[in-house]
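# A look at the structure
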Amino acid sequence: MHLQLAVTKEGAGELLGGKSVDWVERYVLPHVKTVRPSRSILIPVTELQRWVSENSEMALGNGRRSA
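Residues numbered from 1 in each chain as written. Predicted model: local features only at pLDDT ≥ 70, side-chain atom pairs only at ≥ 80, totals over all residues. Heavy atoms only, no water.

The next point concerns the pattern of salt bridges. Summed over all chains, the structure comprises three salt bridges. As a salt-bridge pair, Lys9 and Glu25 come within 2.7 Å of each other at their nearest N and O atoms. Taken together, the residues span a long stretch of sequence, with Lys9 in helix H1 (residues 9–15) and Glu25 in helix H2 (residues 21–28) at a distance of 16 residues. Looking at Glu25, the relative accessible area reads 32%, which means it is partly exposed. For Arg50, the salt bridge goes to Glu54, with nearest N and O atoms at 2.8 Å. With Arg50 and Glu54 both in helix H3 (residues 45–54) and four residues apart, this pair spans about one turn of that helix. (Salt bridge = Lys/Arg side-chain N within 4 Å of Asp/Glu carboxyl O. Helix = DSSP H or I, 4+ residues; strand = E, 2+ residues; numbered from the N terminus. Buried < 20%, exposed > 50% of the residue type's maximum accessible area, 1.4 Å probe, protein only.)

Now the structure itself:
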């Protein structure tokens, strides 16, 4: 079994439903901690999980977030 601790921006986009790198850079990167081993950027999977949890909303039918 292979446990992946962090992913590239491309990998993050794939994990988030096939989003583009531009989308990840705009909506996710400003809100997550990253690891920078040289010039690349890695995003810990736990940070993506936290971001998804914090940005989830209930489908209420009126477009408003639930508390």
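Now, onward.
Moving on, we get to the confidence of the model for the chain. Counting all residues, the mean pLDDT for the chain is 89, and 85% of those residues have values of 70 or more. Ranking the elements of the chain by mean pLDDT puts H3 last with 96 and strand S2 (residues 43–44) first with 98. (pLDDT = per-residue confidence, 0-100.)

Right, let's get into the packing of aromatic side chains. All told, the structure shown has two aromatic pairs when counted by the stated rule. Ring plane angle 45 degrees and centroid distance 5.4 Å describe the contact between Trp23 and Tyr27, whose orientation is recorded as tilted. Placement of both Trp23 and Tyr27 in helix H2 is noted, with a separation of four residues, approximately one turn of the helix. Residue Tyr27 is classed as partly exposed on the basis of its relative accessible area of 42%. Pairing Trp23 with Trp51 gives two aromatic rings, centres 6.0 Å apart and planes at 90 degrees, and the pair type is edge-to-face. With Trp23 in helix H2 and Trp51 in helix H3, this residue pair connects regions lying 28 residues apart in the sequence. The exposure class of Trp23 is partly exposed, given its relative accessible area of 23%. Taken together, the ring pairs connect Trp23, Tyr27 and Trp51 into an aromatic cluster. Stacked on the ring of Trp23, the Lys or Arg Lys19 has its end atom at 5.1 Å from the ring centre. (Phe/Tyr/Trp six-rings, centres within 6.5 Å; stacked < 30°, edge-to-face > 60°. Lys NZ or Arg CZ within 6 Å of the ring centre and 35° of its normal.)

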